[in-house]
Amino acid sequence: MALVDIPGSKSITARALFLAAAADGVTTLRRPLRSDDTEGFAEGLERLGYRIGRTPDAWRIDGRPEGPGVAEADVYCRDGATTARFLPTLAAAGHGTFRFDASPQMRRRPLLPLTRALRDLGVDLRHEEAEGHHPLTVAAAGVEGGHVVLDAGQSSQYLTALLLLGPLTRTGLRITVTDLVSVPYVEITVAMMRAFGVEVGREGDTYVVPPGGYRATTYAIEPDASTASYFFAAAALTGGEVTVPGLGRGALQGDLGFVEVLRRMGARVETGADGTTVAGTGELRGLTVNMRDISDTMPTLAALAPFASGPVRIEDVANTRVKECDRLDACAENLRRLGIDVATGPDWIEIRPGTPRGTGIKTYGDHRIVMSFAVTGLRVPGISFDDPGCVRKTFPGFHEAFALLRKDIVG
């Protein structure tokens, strides 16, 4: 059995950094993820005038309920979607002029539903080039609050950003959502806001967030469930056994639900109070599965699918087309390069069983494409990546950790 130490959750670390920066007092984050995305988020906070002390196992953030500690700043968001969406929202609650830009990859990703909602709340926000994309400038004068309608059908991060903003407004927020993907990520946000002293209400499709701010706390970051999916899939594929401590029944992250997909395919799954174990049984069945709520694990399943005994059809994942790359097309193209028969539609992919052959994987600079097809590489010699280093976005040590896993469960 392999015991795998997964780094902290990217999603939880980003939310915790926002909450800590906005809280009254000093917050300690235990075991935060240290990766390009989260370092970029922390650097952005520092550019905005927040103080962060770092040790190997903890970050301490001096909260500023009144907003950024500088009157103007230029913030570079790197490739981070949470950084690019959350930090302009945080800055809007303060006072000053704040410019945000991002990498070419992040510049392509959409922002308009969020920035339109911020404008509806009275925020003076200007896109400098393409409407709905970085770069943008926020001329912040605080946010009064009120009612806003939001389409979160492309990304739940739009809703999360507004929920996080709510307690920093003068009168609170009511957010009516017309469409929403990745609901478990919103549940993470609501649970974390509660840990920082704010209770979010719900009236049908409307989220109700009271004013009053956050209180500082000590917060432990749980391991990243999306990252764990590659190690769980490796066990299911090879007949090995993998345990991830720290991801048990009380885990916040919906992506732990990926193990239920593996269970349906034939793997043995045990979820305890403090960890989850997946063991391969020598059987991988085909299935049809809706992955709307756990779409970050779609590439993991796609890379595993050729080894199933029947077709694997993944549905309701249109939002994966606006991630770091078009993940539906990227998975389909790479599977075809492996010699696998694949069909796709606007929001689905169907993968038929086959015998993959070694090939070069086109990563499109997307960390999840690399980590997913590393699973395929456990059974297929000759797989290489055109940009293996892009895993630094969420897991800089991935290749070393996966090599150790291969040694433990493949030999």
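Structural data are supplied above this passage.
Presented here is an overview of the structure given in this document. (Residues numbered from 1 in each chain as written. Predicted model: local features only at pLDDT ≥ 70, side-chain atom pairs only at ≥ 80, totals over all residues. Heavy atoms only, no water.)

Some remarks on the overall build of the protein
Move 1: What the protein contains, in helices and strands, is 13 helices and 24 strands.
Move 2: Relative to the 2.2 N^0.38 estimate, which gives 22 Å for 411 residues, the radius of gyration of the protein is 21 Å and therefore close to what a compact globule would have.
Move 3: The principal-axis extents of the C-alpha atoms in the protein amount to approximately 60 × 40 × 40 Å.
Move 4: In the protein, which comprises 411 residues, the proportion classed as buried is 61%. (Helix = DSSP H or I, 4+ residues; strand = E, 2+ residues; numbered from the N terminus. Rg over C-alpha atoms; globule rule 2.2 N^0.38 Å. Buried < 20%, exposed > 50% of the residue type's maximum accessible area, 1.4 Å probe, protein only.)

What to know about the packing of aromatic side chains
Move 1: Evaluation of the coordinates by the stated rule reveals eight aromatic pairs.
Move 2: Measuring from centroid to centroid gives 6.4 Å for F41 and F86, while their planes differ by 75°, and the two rings are edge-to-face. Residue F41 is found in helix 2 (residues 36-47), and its partner F86 is found in helix 3 (residues 81-92); the two are separated by 45 residues along the sequence.
Move 3: The buried category is assigned to F41, whose relative accessible area is 1%. (Phe/Tyr/Trp six-rings, centres within 6.5 Å; stacked < 30°, edge-to-face > 60°.)

Some thoughts on the sheet that holds strand 15 (residues 218-220)
Hydrogen bonds along the backbone pair up the strands of a sheet, which may run parallel or antiparallel.
Move 1: Taking strand neighbours across the sheet as the criterion, the four strands line up as 4-5-3-15 in an open arrangement whose pairing is mixed. Both edges of this open sheet fall to strand 4 (51-55) and strand 15, since each of them pairs with a single strand only. Ignoring strand direction, the axes of neighbouring strands in this sheet form an average angle of 15°.
Move 2: Across five bridges, the pairing between strand 4 and strand 5 (residues 58-62) is antiparallel. From the neighbouring strand, T55 faces strand 5, where its bridge partner is A58.
Move 3: Packed on one face of the sheet, helix 1 (residues 10-22) meets strand 3 (26-30), strand 5 and strand 15 and runs near 30° to strand 5.
Move 4: Most of the contacts of helix 2 go to strand 4, to which it runs at about 145°, and overall it touches strand 4 and strand 5. (Pairing = 2+ DSSP bridges. Axes fitted to C-alpha atoms, helices over the stretch in contact; angles between N-to-C directions. Contact = heavy atoms within 4.5 Å.)

Some details on the nonpolar core
Move 1: Core analysis: the biggest nonpolar cluster contains 74 residues, and F100, L159, L162, L163, I175 and Y214 have the highest contact counts within it.
Move 2: When residues in this core are grouped by element, the largest group, nine residues, is from helix 1.
Move 3: Once residues lying within four places of it in the same chain are set aside, the contact partners of L159 are L150, A152, I175, V177, L180, V186 and Y207.
Move 4: Within the second largest apolar cluster, 70 residues are counted, among which are L237, L256, L301 and L328. (Core = buried A, V, L, I, M, F, W, Y, C linked by side-chain atoms within 4.5 Å.)

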